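# Structural overview for review
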Amino acid sequence: MSEAVLNGVEHQHDHHPTGIKRWLFTTNHKDIGTLYLCFSLLMFFIGGAMALVIRAELFSPGIQYVDPQFFNSMTTMHALIMVFGVVMPGTVGFANWMLPMMIGAPDMALPRMNNWSFWILPFAFTLLLMTLLLPGGGPAGGWTMYPPLMLQTEHALPFVIFAVHFMGVSSVMGAINIVATILNMRAPGMKLLDMPLFVWTWLVTAFLLIGSIPVLAGAVTMLLTDKFFGTSFFDAAGGGDPVLFQHVFWFFGHPEVYILILPAFGVVSQIIPTFARKPLFGYVSMVYATCSIALLSFIVWAHHMFTVGMPLAAELFFMYATMSIAVPTGVKIFNWIATMWRGEMTFETPMLFAVAFVILFTIGGFSGLMLGIAPVDFQYHDTYFVVAHFHYVLVSGAIFSMMAGAYYWLPKWTGYMYDEKLGKLHFWLSVVSVNLLFFPQHFLGLAGMPRRIPDYSTQFSEWNAISSVGGFVFGFSQLILVWVIIKSARGHGEKATAQVWEGANGLEWTLSSPPPYHSFEVPPKISRS
Amino acid sequence: MSDFVSNRQIKALILCAGLMPATALAEYGLNMTRGVTTISREIYDLHMLAFIMVSIIGLIVFGLMIWSIIHHRKSKGVKASQFRHNSNWETVWTIIPILILLSFAAPATRTLIELEDIEDTEMTIKVTGYQWRWHYQYLEEDFGFFSSLASDHNEARQKNSGIDVSKIENYLLEVDNPVVIPVETKIRFLLTSNDVIHAWWVPELGWKRDAIPGFINSNWTMVTEPGIYRGQCAELCGRDHGFMPVVLKAVPQEEYLQWAKDMKQQQAEAASGVDREWTMAELMERGESVYTTACVSCHQANGQGLPPVFPALTGSPIATGPISDHISIVIDGMQGTTMPAFGEQLNAVDIAAVITFERNALGNSVGDMVQPAEIQAAQ
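Cut-offs used in this document
Residues numbered from 1 in each chain as written. Chains lettered and ligands numbered in written order. Predicted model: local features only at pLDDT ≥ 70, side-chain atom pairs only at ≥ 80, totals over all residues. Heavy atoms only, no water. Helix = DSSP H or I, 4+ residues; strand = E, 2+ residues; numbered from the N terminus. Buried < 20%, exposed > 50% of the residue type's maximum accessible area, 1.4 Å probe, protein only. Contact = heavy atoms within 4.5 Å. Areas by Shrake-Rupley, 256 points an atom, 1.4 Å probe, with all protein chains shown as cover. Lys, Arg positive; Asp, Glu negative; His and termini not counted. Charge placed at Lys NZ, Arg CZ, Asp CG, Glu CD. Salt bridge = Lys/Arg side-chain N within 4 Å of Asp/Glu carboxyl O. Core = buried A, V, L, I, M, F, W, Y, C linked by side-chain atoms within 4.5 Å. Buried area = accessible area lost by both parts, 1.4 Å probe. Polar contact = N/O pair within 3.5 Å; in protein donor to acceptor, adjacent residues only side chain to side chain. Axes fitted to C-alpha atoms, helices over the stretch in contact; angles between N-to-C directions. Parallel < 35°, antiparallel > 145°, perpendicular 65-115°, else oblique. Left-handed = near helix turned anticlockwise from the far one by under 90°. Nonpolar A, V, L, I, M, F, W, Y, C, P; charged D, E, K, R; others polar. Pairing = 2+ DSSP bridges. Expected span 1.5 Å × (residues − 1). Phe/Tyr/Trp six-rings, centres within 6.5 Å; stacked < 30°, edge-to-face > 60°. Lys NZ or Arg CZ within 6 Å of the ring centre and 35° of its normal. Domains from an automatic or database assignment.

For chain B, the helix and strand inventory stands at 10 helices and 10 strands. Each principal axis of the C-alpha distribution contributes one length, and for chain B these read about 95 × 55 × 40 Å. Sorting the 379 residues of chain B into buried and exposed places 49% on the buried side. Excluding contacts between residues fewer than 6 apart, the proportion of contacts in chain B whose partners are at least 24 apart in sequence is 64%. Accessible surface computed for chain B: about 17,400 Å², of which carbon and sulfur atoms make up 57%. Side-chain charges in chain B split into 27 positive and 43 negative, and the spacing between the mean points of these groups amounts to 15 Å.

Between side chains of opposite charge, a pair can form when the charged atoms approach closely. Considering all chains together, one arrives at 20 salt bridges over all chains under this definition. In this structure, the salt-bridge partner of E502 of chain A is R277 of chain A, at a minimum N-O distance of 2.5 Å. Here R277 of chain A lies in the loop between α8 (242–276) and α9 (283–296) and E502 of chain A lies in the segment after α16 (461–489), a separation of 225 residues in the sequence. Accessibility expressed as a relative area gives 14% for R277 of chain A, which makes it buried. Close ionic contact of R41 of chain B with E225 of chain B constitutes a salt bridge, the shortest N to O distance being 3.0 Å. Of this pair, R41 of chain B sits in helix α2 (residues 38–71) while E225 of chain B is found in the loop between β8 (217–221) and β9 (227–232), placing the two residues 184 residues apart along the sequence. Through salt bridges with shared partners, a single ionic network connects D67 of chain A together with R157, R239 and D240 of chain B.

To continue, consider the nonpolar core. In terms of nonpolar packing, the biggest core is built from 249 residues, with Y138 and W200 of chain B touching the most fellow members. The greatest single-element share of this core, amounting to 21 residues, is contributed by helix α4 (residues 68–103) of chain A. Contacts of W200 of chain B, omitting those with residues within four sequence positions, involve V127, W134, Y136, V179, F189, L191, L205, W207, K208, R209, V246 and L248 of chain B. The next biggest cluster of nonpolar side chains, apart from the first, holds 27 residues, and it includes V274, L283, Y291 and L313 of chain B.

Moving on: the interface of chain B and chain A. Contacts between the two partners involve 99 residues from chain B and, on the opposite side, 105 residues from chain A. Interface area, chain B with chain A, both sides summed: about 8,900 Å², of which 68% is carbon and sulfur. Between the two partners, chain B and chain A, sit 4 salt bridges. A salt bridge links E315 of chain A to R209 of chain B, with the shortest nitrogen-to-oxygen separation between them at 4.0 Å. Where chain B packs against chain A, one counts 26 residue pairs in polar contact (both at pLDDT 80 or more).

Attention shifts here to the pairing of strand β6 (residues 198–202) of chain B. Within β6 of chain B, 5 of the 5 residues are buried, which leaves it mostly tucked inside the rest of the structure. Both faces of β6 of chain B are covered, namely the face carrying H198, W200 and V202 of chain B and the face carrying A199 and W201 of chain B.

On to the packing of α8 of chain A against helix α14 (residues 384–414) of chain A. Residue and element names in this part refer to chain A. At their nearest, the axes of α8 and α14 sit 9 Å apart, and the two run at 45 degrees to each other. Between α8 and α14, the angle falls in the class oblique. Of the two possible hands of crossing, α8 and α14 adopt the one that is left-handed. Seen from α8, the contacting residues are L260, I261, A264, V267, V268, Q270, I271, T274 and F275; seen from α14, they are V393, L394, G397, A398, S401, A404, G405, Y408 and W409. Here the residues of the contact of α8 with α14 are counted per class, giving 13 nonpolar, 5 polar and no charged.

A word on the sheet that holds strand β10 (residues 245–251) of chain B. Residue and element names in this part refer to chain B. With mixed pairing, the 3 strands of this open sheet are ordered in space as β4-β10-β9. Across the chains shown, the open sheet's two edge strands, defined by having one partner strand only, are β4 (179–182) and β9. On average, each strand axis in the sheet is inclined to that of its neighbour by 25 degrees, with strand direction left out of account. When β4 meets β10, the two strands line up parallel, connected through 4 bridges. Bridged to V180 within β10 is K249. Sheet contacts for helix α5 (residues 253–272): β4 and β10; angle to β4, the most-contacted strand, approximately 135 degrees.

Quick look at α9 of chain A now. Taking 1.5 Å as the rise per residue, α9 of chain A with 14 residues should run 20 Å; its terminal C-alpha atoms sit 20 Å apart, in good agreement. For α9 of chain A, the complete set of buried residues consists of Y283, S285, M286, V287, A289, T290, I293, A294 and L296 of chain A. Buried-residue contacts for α9 of chain A involve α7 (197–228), α8, α10 (312–324) and α11 (326–340) of chain A together with α3 (87–115) of chain B.

Turning next to the packing of aromatic side chains. Following the criterion strictly, the structure yields 64 aromatic pairs over all chains and no others. Ring centres of F44 of chain A and F45 of chain A lie 5.9 Å apart, and the angle between their planes is 70 degrees; this geometry places the pair in the edge-to-face category. A residue is classified by how much of its surface remains accessible, and F44 of chain A, at 11% relative accessible area, is buried. With 6.5 Å between their ring centres and 20 degrees between their planes, F472 of chain A and F476 of chain A make a pair best called stacked. One end of the pair is F472 of chain A and the other is F476 of chain A, both in helix α16 and 4 residues apart, which spans about a single turn. Note on F472 of chain A: relative accessible area 31%, which makes it partly exposed. Above the face of the W201 of chain B ring, K208 of chain B is positioned so that its terminal group lies 4.0 Å from the ring centre. It is R209 of chain B that lies over the ring of F378 of chain A; its NZ or CZ is 5.3 Å from the centre.

Turning to the side chain of H391 of chain A, a few remarks are in order. Inspection of the secondary structure assignment puts H391 of chain A in helix α14. Ignoring anything within four residues of it in the chain, the contact list for H391 of chain A reads H78, S396 and F438 of chain A.

The next thing to look at is the sheet that holds strand β1 (residues 123–130) of chain B. All names here are of chain B. Overall, mixed pairing links the 5 strands, which are arranged β3-β2-β1-β5-β8 in an open sheet. Edge positions in the sheet fall to β3 (143–147) and β8, since each has one partner strand and no second. In this sheet, adjacent strand axes meet at a mean angle of 25 degrees when their direction is disregarded. The sheet contact formed by strand β5 (residues 187–193) and β8 spans 5 bridges and is antiparallel. Residue pairing across strands places L190 opposite S218, the latter belonging to β8.

This part is about the domain arrangement of chain B. Residues and elements named next belong to chain B. Assigned domains within chain B: domain 1 (1–26), domain 2 (38–71 + 84–115), domain 3 (123–271) and domain 4 (273–378). Distance between the C-alpha centres of domain 2 and domain 3: 37 Å. The partner domain 3 presents 7 residues to the 6 residues of domain 2 that form the contact. In total, about 550 Å² of surface goes out of reach between domain 2 and domain 3, with carbon and sulfur atoms giving 48% of it. Contact with domain 3 buries surface across domain 2, with S40, R41 and L115 losing the most and accounting together for 60% of the total.

Okay, structure coming up:
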């Protein structure tokens, strides 16, 4: 506000440093959102390249291209990058861009911290990626970092741990900012239950981040002291317990799963009503379902570790608790379908990705339910069935919803419509190849192929070959997305209107496309429909 | 046909294009095994129950969705209705999933309780995971042995081995010494580990269980059909995680008793050579076979290792330096590295033989040797 006073009447507010300084010093939610999204896209290709190393090696039995140790570091780095470098920053990017516009605020509540929470990330990932150049190679103990194996890591260990700490600090600061923004900066008259669902899912996600990331920080710090300072938290010989790490890790890890997927739910809940030209069905039950999923996510962690040998009572508890998550998740899926029901649907690229999300995420949900049945998990655990499951919910789930969101909001961000033909091509290539890539992995897992192996018995050859072909098609199809974004950002395409989509509703669509540098300088009036 | 695209893969690619009938899929393994124990069959039935249930739900949910996608579109000229909620429907789709879940929970609970009932077992086998092989100890019989990936498979799986792995039967699922059990006997497995966490898994038994250093897990099985059942380590355990198979041979009771007797005798013989003087040739011959099972996965068949993690033995200061250092590193291992303490894993004869081999083969020619008796004294 002081700036406005200083500049007197001529306060366009659009003036800012140009060039590199604009991006380094920016405190603007849109600039920071753009930074997050570009970073996420870059990491998507780095993590994706690692996935292609994995799929190339697994194309046929025998070791063809890489040493098994390097293969293990590829699976480890691929997961760390995709989880912490793609999905988390990506959804934070959406939050930065859209939250202030959706709640009628000028910017985020804590703009300087916003700048900092982004600029930590490039350092964190440089630290992580440079481990590949160290003697002994990158971390190869899996993204779950289980000791004692992780403690066998050579020089990479402290780098990975500090990288994880940095990512955690960035996430927690981002989360605090989001909570502060949502709770304090809504336009006058906007009650919590008036907020768009994307805002709701991010509010809940932010609390999950604040609750779980410090637990991860604790777990990896204990690894650090076990390795370098003579403690034995996870060493039985010194009175510790390796399984303790798994409990602590998954106490973070399971809420983390919902940190990745809840914003995706939010994006899809914005898109489906727009293209069905119909209000979201069961708004209030969607909010309650989101909250109950978040609460349950803190009491189901041990279903990731049914095979470590827990007491029967604990196994039963975690099995029942896990199954119960299917209920609120089911409510969400039914509500999306009810939103589509008797709507007036059109199928532009965002809607195509959103519909594919609902179907493919549900398939991932089904395998998740099967995995939750403890005695059967004794077969499924640590096989490709699990790999298929979490890629269905994360790639055709979280990533697809991010694609949907990118197409949906791109005209708003750039002021120009994206190329619909290329968008549809991108969608169809992605949706076919992602199924070719991950569906056969269900069969591999059931037939007995363990995960995280660089070579396999010959009866697994066929499905692995198919999966690898799917992987390469999926990977290279993503270049279309980059092209679409570049075209739209450089102003090739039809000028977008403020509303962009015929069925779009909400404050963000009342602003021009592209929106002014500071979103709402005067709070909008909230009309209740 | 080029090296990395086999005929079967071409077939599979054609198949995925939908040009072959679905029945041809059976040979590629699509589903979980029914297994060979009562528990494994119960688990299979639970899996199928869950699979059929989710398939039916999927058909209904996706069917409704697709119907809506076809009919409720703007191009058909429909007008969007504006309903926002319907409490009855919302109650229905909360209650029905709860009922479906309860229908899974009951049989799952029963099977789980049965699985955890480790009472009245007739014999016990202690399974210890090592990087990267298994050790089996028959507690009542008082004998035990290591079980590693068979040497021809180990050779074939090396990068650029030039061996066509599709010609190898049960590629990567073959060991030198399978674990043998009698059928129709309730057997308790105790699982632990010497280094990192492993997981012992034979799909036909219906379960896997983690082998955790410093802790002992237990589980049981009772196999009903004689046969050879194959599995592998299921928990990431380092570089060669993919190369520590489990081969379980279930045989009739009498055959088992005979096998156990032979094993005990064999082990007595193997350990008995400690006192006598061994010749260089004898040690070298035995040393080579020990090297190919115990050392080769890290230090490699040619002794070049995989630096920097696994150092070369050829010309190394240990393998060509004072023999006492060489003995102590083999017996006690090396703290802070993956070099294990072989004193616990091999008998004195094997250790003497392998040390002698390492000093006089793999490009080394130190010329000295060590007798099993000296190793025993050093231990």
